[in-house]
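Examining the three-dimensional arrangement
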Amino acid sequence: MTTPKITARNVSVYYGATRAIDDVSIDVTQDEVVAFIGPSGCGKSTFLRTLNRMNDTVPSARVEGEIYLDGEDIYAPSMDVVQLRARVGMVFQKPNPFPKSIYENVAYGPRIHGLTHAKGELDDIVEGSLRRAGLWDEVKDRLTDSGTALSGGQQQRLCIARAIAVDPEVILMDEPCSALDPIATAKIEELIHELKGRYAIVIVTHNMQQAARVSQRTAFFHLGHLVEFGATSDIFTNPRAERTKDYITGRYG
Amino acid sequence: MSGLSLVILVIGLALIGWLAGRMRAAAFRRGSTRRFSSQPVHHGWFVALWTVGPPLVFLAIWALTSPALVTDAVLANPAASQLPPPGFDRASILSEARSLAQGRSYGAFHELARTLAPVYAAAQSRFDWIASGIALLLAFAGGAFTFTRVGPGFAARTQVERVVMILLLTASLIAILTTMGIVASLLWEAGRFFRIVPAWEFLFGTHWSPQVISARDPGASLGAVPLFWGTFFIGAVIAMVVAIPFGLMSAIYLTQYARASTRRWIKPTLEMLAGVPTVVYGYFAALTVAPAVRQLGVSIGIADASSESALAAGLVMGIMIIPFVSSMADDSLSAVPAAMRDGSLAMGATSSETIRKVLVPAALPGVVGGVLLAVSRAIGETMIVVMAASGVATLTANPFASTTTVTKQIVDLLTGEAEFDSAKTLAAFALGLTLFVITLLLNIVALTVVKRYREAYE
Amino acid sequence: MNSALVPEAPTGNSEPDQRRPTDWTTGASRRRTRRRYAAERRFRLMGLAAVWLSVGFLAFLLMSMLWQGASGFVETRITLPIALQLDITPDRVVVRGADLALAGAGIEGAVDAAATAAYGAGGAELLSDGAWLHVRDAVEADPTLLNRRAMIDVSAAADIDVAAKGEGTPAAEAQVAKLAAAGALSRGFNLKFLTDADSTDSTRVGIWGAFKGSLMTMIVTLALAFPVGVFAALYLEEYAPKNRWTDLIEVSINNLAAVPSIIFGLLGLAVFLGTFHLPRSAPLVGGLTLALMTMPVIVIAGRNAIKGVPPSIRDAALAVGASPVQVVFHHVLPLALPGILTGTIIGMARALGETAPLLMIGMRAFIAAPPDRITDPATVLPVQIFLWSDEVNRGFVEKTSAAIIVLLLFLLAMNGFAIYLRNRFETRW
């Protein structure tokens, strides 16, 4: 196994006095897709948001333990959260394109981070990102249309294009298909397959089939605990923990 | 009989009706085991409402129509034949006679008014007696008729509730009546003005000096363009230059940066700025700000800096508008979904980049709507400009020069000693009409923009 | 450092773009990040500055009013040695009609004479026009003053008062210095300011007249706007069918809430004075005009409060057989009342501070006596402030600010009460 890209050690997250995540340790390598599964409220999304410090936006949230990106503690005072988020991109549950043109949505990241110096360069990034997100052919003639005018599935792919435009190292996906229809979902899953290898991908999903289809390793969360973490094939065919078995066989969830 | 005692008498009758109806209903219920649709109190209300309602409606209509009837009666009197033909003189003699007859004044300018006063008084008292008689008759008739209806099978509650519904409906119709009253009175008086001064001369003329109105060509000194410009300059330019940056930045700070505890006490404090009466702002502008602005103007080499400058009035108006802009911007920013902010932050944008490039553009329609409402409020604001702006209409873009506004001129025109029918006083209504139309349009546009914006995020 | 760890993108992608991952550690990248953080700090600071400047404006406004107005409650008094030689018996000054009797006996002239005797020619000029009233009141309180020599403190004239407070003309300053040297100057709380009405002499003005006018106007406004506003809100929220008429009512109300107040003044002038010939300057007309202005505010607040009552309460009442009218009057209205009252108080506070429409209906006349009926000519607090602010006499400056303090105190009390109501009765469903 290669060096882990992300390493989380004994991470606990509190919202005020409530503990939402209890002592979770996990690592994610560069060329794999890791899925987080578990019933609603099990803390999988909360944990995902600690990986690029989006929990900072919740005033009452507090994180304990260590999380390393390439061996660097992302909660260290010296860590620049702005650069961290450029390196660890995120795609949200509900597509959230900015109310700007398609082009501007994708160009937003490179612009704020100053990644380009010429208009042509930016055009290339926009095109490349849209191509990689599998959206180019659908929108190339209407790049100036508003991003919010696209269909739900297209919006979500636009959000993925937006995330990869800054060329992150990791992409976090928080139930990216839960608001989409099956056809759009299939397209996103296909896209995840293609992105795999270039970006480390962590995906939170409600849908166990989806986890089985897209991921190499799966983590099962329950009530804030990491119950089981292992190869996806093992989790689904031969779970070690009783709770995991109950969940994947549909006893609860 | 005076109006007030008559009303009290009618209400007294209604009270008797209420008690009587209640007692009668209670009587037939006693000893009965069946269930009634109405309680005694409903029967009481039923009788009372029919006692008090018709006479009051009659009196209200009477109050509107009787002055005309009284005047007709006076005009039919032989003494009235000496009256001049319809016009200003005739109206003022009649009005003097009226105040003499009602004891509101003791001397008259016109001799004829003194002769007509007793005629007036006689006609007035005759009509008053007629009105009292009819009102009391209606009260008795209504009360007696409904009293006989009180019985076990009578659904008094349904009847009472119907009256309540009519009352509620009437109350809401008053809003329409008020709007219609505003539109009608402004149109009527402005219409009279436009018969003296052509509308285009008023709307496009660039010379305004109502102190000297030539009788042959009143329109020549009643061109309102300088007023429109002054209003726009003070209310929509100077005030907004102050209010927009302060209001918007305050809203941004309070919604995006401030801790909840800070926000909890800063927000009401800012809103206090909006609660200060405008006359206080006006006094502040005239006493403190205007001299300071003049000093500033002189010190930067503008020798003719006025102590009634547009800048002083506009600055203070801007301060007054800050909380207004701030609370509209606050609402708009809060309406932007959190996902939008998260999306930008997750890209590695800083807070200020997120605010400037995502939140403010997303909230822009709401903010623009709020600014339009603020402009509408600023140009309709009166006391600050009455106290701090000048009465001299000049077409200038120099903020240190004196400028006047529509509202200031309305006040000036109507508080002189001029007679009510002159071009000067009527011009105030034409200005009022213009102001009303412009603020109405601004409000409609602003509310539509804001509404569409809210729907976009729902 | 991280770029070494990042493997090349797999070749499976048929992408034209094979950019290498961004290196965040270069100098240029660091400089850029520093710049971005500097911009962030600047922006945040601008926001903070905007908030503090806005609050600062408010503080400055209030402070300057307080500063200028505080002295308006204080009057300068001159000690006047006086031996009254009036043709009046002591028993007549303790019964009804003493005021007239003393005036008839020439007490005003006697006071002027005493001033001249004490402070030389022009001595009477040092005293306020109302100085003899002090003496009169003193005599009525203590009839023995009629027969003996006494020292009575009376109000100083306006220019002396102003000079004693440090803003006067050189001539007046000199006189003040002389009086002070003689130990004849003192200061006291200006009670007359709270009990008297308008006057042409700044030392004799009071706000009671305007205050009473405001009170009467507000009573008329409340009596009309509250029931009509609440009824309209109930109708629109509970019973109104969805049709064009209802839309028209809603549009009317929303627009009326945004119509400039001076337009309501024009309406009052044209309709109440012009058509119905109601008396000018009267609290009745002022109240009517302000009621039309306040009503939409109450309707809008009322509708929000009524909307806040959960539908389950209505269902529960309907289910036990209450009629729609009973549901509203027994359940919805009582629950919504705190919210409605809060809105009403805020609307009334706005009406209390309103000036422009009242100028239109003639409430700018000089009224030297408090009104007794709602049809008497009257003035109101904000208009009184406006009238005093126009006075040339320096003595009116502090009186204007003092009146503003009184007005602001009342507004603060009203708003405080509204906030109290909201916090006390606010129900979370």
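Residues numbered from 1 in each chain as written. Chains lettered and ligands numbered in written order. Predicted model: local features only at pLDDT ≥ 70, side-chain atom pairs only at ≥ 80, totals over all residues. Heavy atoms only, no water.

Examining the packing of helix H13 (residues 324-352) of chain C against helix H16 (residues 395-425) of chain C
Residue and element names in this part refer to chain C. In the contact formed by H13 and H16, the axes pass within 9 Å of each other and the chain directions differ by 170°. By the angle between their axes, H13 is roughly antiparallel relative to H16. Seen from H13, the contacting residues are Pro 338, Leu 341, Thr 342, Ile 345, Ile 346, Met 348, Ala 349 and Leu 352; seen from H16, they are Leu 407, Phe 410, Leu 411, Met 414, Asn 415, Phe 417, Ala 418, Leu 421, Arg 422 and Phe 425. Considered class by class, the residues forming the contact of H13 with H16 number 15 nonpolar, two polar and one charged. (Axes fitted to C-alpha atoms, helices over the stretch in contact; angles between N-to-C directions. Helix = DSSP H or I, 4+ residues; strand = E, 2+ residues; numbered from the N terminus. Parallel < 35°, antiparallel > 145°, perpendicular 65-115°, else oblique. Contact = heavy atoms within 4.5 Å. Nonpolar A, V, L, I, M, F, W, Y, C, P; charged D, E, K, R; others polar.)

Here we look at the interface of chain B and chain C
At the interface, 79 residues of chain B touch 75 residues of chain C. Summing both partners gives a buried area of about 6,600 Å² for chain B against chain C, and 80% of it is carried by carbon and sulfur. Joining chain B to chain C, the criterion identifies one salt bridge. When residues in the side of chain B that touches chain C are grouped by element, the largest group, 20 residues, is from helix H5 (residues 156-196) of chain B. Of the residues contributing to the side of chain B that touches chain C, the split by class is 49 nonpolar, 22 polar and eight charged. (Buried area = accessible area lost by both parts, 1.4 Å probe. Salt bridge = Lys/Arg side-chain N within 4 Å of Asp/Glu carboxyl O.)

Here we look at the UniProt feature "transmembrane region" (unreviewed entry) in chain C
Residue and element names in this part refer to chain C. Per the UniProt record, "transmembrane region" (unreviewed entry) is found at residues 45-67, 215-236, 256-278, 284-306, 327-349 and 402-421. With 100% helix and 0% strand, residues 215-236 has its two end C-alpha atoms placed 31 Å apart. As a span, residues 327-349 carries 100% helix and 0% strand, and end to end its C-alpha atoms are 31 Å apart. (UniProt positions renumbered as here; feature names shortened; annotations may be inferred.)

A closer look at the pairing of strand S4 (residues 61-69) of chain A
A regular strand places its side chains so that they alternate between the two faces of the sheet. Residue and element names in this part refer to chain A. Sheet topology note: the strand S1 (residues 4-15)/S4 ladder contains eight bridges and is antiparallel. Within S4, the residue paired with Thr 7 across the bridge is Tyr 68. Looking at chain direction, S4 and strand S5 (residues 72-73) are connected through two bridges and run antiparallel. By the bridge assignment for S5, Tyr 68 is matched with Asp 73. (Pairing = 2+ DSSP bridges.)

A look at the sheet that holds strand S2 (residues 149-155) of chain C
Strand pairing in a sheet relies on backbone hydrogen bonds, with the paired strands running either antiparallel or parallel. Residues and elements named next belong to chain C. Strand order in the open sheet formed by three strands is S2-S1-S3, with antiparallel pairing between adjacent strands. Two strands bound the open sheet, and with one partner strand each, they are S2 and strand S3 (185-189). Sheet twist, expressed as the mean angle between neighbouring strand axes with direction ignored, is 40°. Pairing between strand S1 (residues 74-83) and S2: seven bridges, direction antiparallel.

A word on the UniProt feature "domain: ABC transmembrane type-1" (unreviewed entry) in chain C
The sites that carry the UniProt feature "domain: ABC transmembrane type-1" (unreviewed entry) are, in the present numbering, residues 211-418 of chain C. Span residues 211-418 of chain C is 76% helix and 0% strand, its end C-alpha atoms 21 Å apart.

Some thoughts on the domain arrangement of chain C
All names here are of chain C. For chain C, the assigned domains are domain 1 (71-190) and domain 2 (208-428). Summed over both sides, the interface of domain 1 with domain 2 buries roughly 630 Å², with 55% coming from carbon and sulfur. It is Gly 72, Phe 73 and Val 162 in domain 1 that bury the most area against domain 2; as a group they hold 56% of the surface buried on that side. Here domain 1 and domain 2 share one salt bridge between them. We note a salt bridge from Lys 165 to Glu 398, for which the minimum N-O separation is 2.7 Å. Between the two partners, domain 1 and domain 2, sit three residue pairs in polar contact (both at pLDDT 80 or more). By residue number, the principal contributor to the side of domain 1 that touches domain 2 is helix H5 (residues 158-164), which donates three residues. Here the side of domain 1 that touches domain 2 is composed, by residue class, of four nonpolar, three polar and three charged. (Domains from an automatic or database assignment. Polar contact = N/O pair within 3.5 Å; in protein donor to acceptor, adjacent residues only side chain to side chain.)

Describing a nonpolar patch on the surface
Taken together, the side chains of Leu169(B), Leu173(B), Trp245(C) and Leu248(C) present a nonpolar region at the surface, about 370 Å² in accessible area. Elements supplying a minimum of two residues to the nonpolar patch: H5 of chain B together with helix H9 (244-256) of chain C. Residue classification places Trp245(C) among the exposed residues on the basis of a relative accessible area of 57%. (Patch = residues over 30% accessible without salt bridge, like charges linked within 9 Å, V, L, I, M, F, W, Y side chains within 5 Å. Areas by Shrake-Rupley, 256 points an atom, 1.4 Å probe, with all protein chains shown as cover. Buried < 20%, exposed > 50% of the residue type's maximum accessible area, 1.4 Å probe, protein only.)

Quick word on the environment of Arg148(C)
Residue and element names in this part refer to chain C. Mapped onto the fold, Arg 148 is located in the loop between helix H4 (131-141) and S2. Measuring from C-alpha to C-alpha, the distance between Arg 148 and Leu 84 comes to 7.3 Å, with 64 residues separating the pair along the chain. Residues within four places of Arg 148 in sequence aside, it is in contact with Ile 82, Ala 83, Leu 84 and Asp 142. One polar contact links Arg 148 to Asp 142, side chain to side chain, over a distance of 3.1 Å. Among the polar contacts made by the side chain of Arg 148, one reaches the side chain of Thr 144 at a distance of 3.3 Å.

Some words on the environment of Phe417(C)
Residues and elements named next belong to chain C. If you trace the backbone, Phe 417 turns up in helix H16. Taking relative accessible area as the criterion, Phe 417 reaches 45% and is therefore assigned partly exposed. Spatially, the C-alpha atoms of Phe 417 and Ile 345 are 8.1 Å apart, while their sequence positions differ by 72 residues.

Some details on the pattern of salt bridges
Per the counting criterion, the structure on display carries 37 salt bridges over all chains. In this structure, the salt-bridge partner of Arg192(B) is Glu189(B), at a minimum N-O distance of 3.1 Å. Placement of the pair is Arg192(B) and Glu189(B) together in helix H5, with a separation of three residues, close to one helical turn. With relative accessibility at 6%, the residue Glu189(B) sits in the buried group. Here Arg303(C) and Glu237(C) are joined by a salt bridge, their closest N and O atoms 2.8 Å apart. Placement of Arg303(C) in helix H11 (residues 283-307) and of Glu237(C) in helix H8 (residues 208-239) is noted, with a sequence separation of 66 residues between them. On the basis of relative accessibility, which here comes to 22%, the residue Glu237(C) falls in the partly exposed class. One continuous salt-bridge network, built from bridges that share partners, spans Lys5(A), Asp70(A), Glu72(A), Arg87(A) and Glu169(A).

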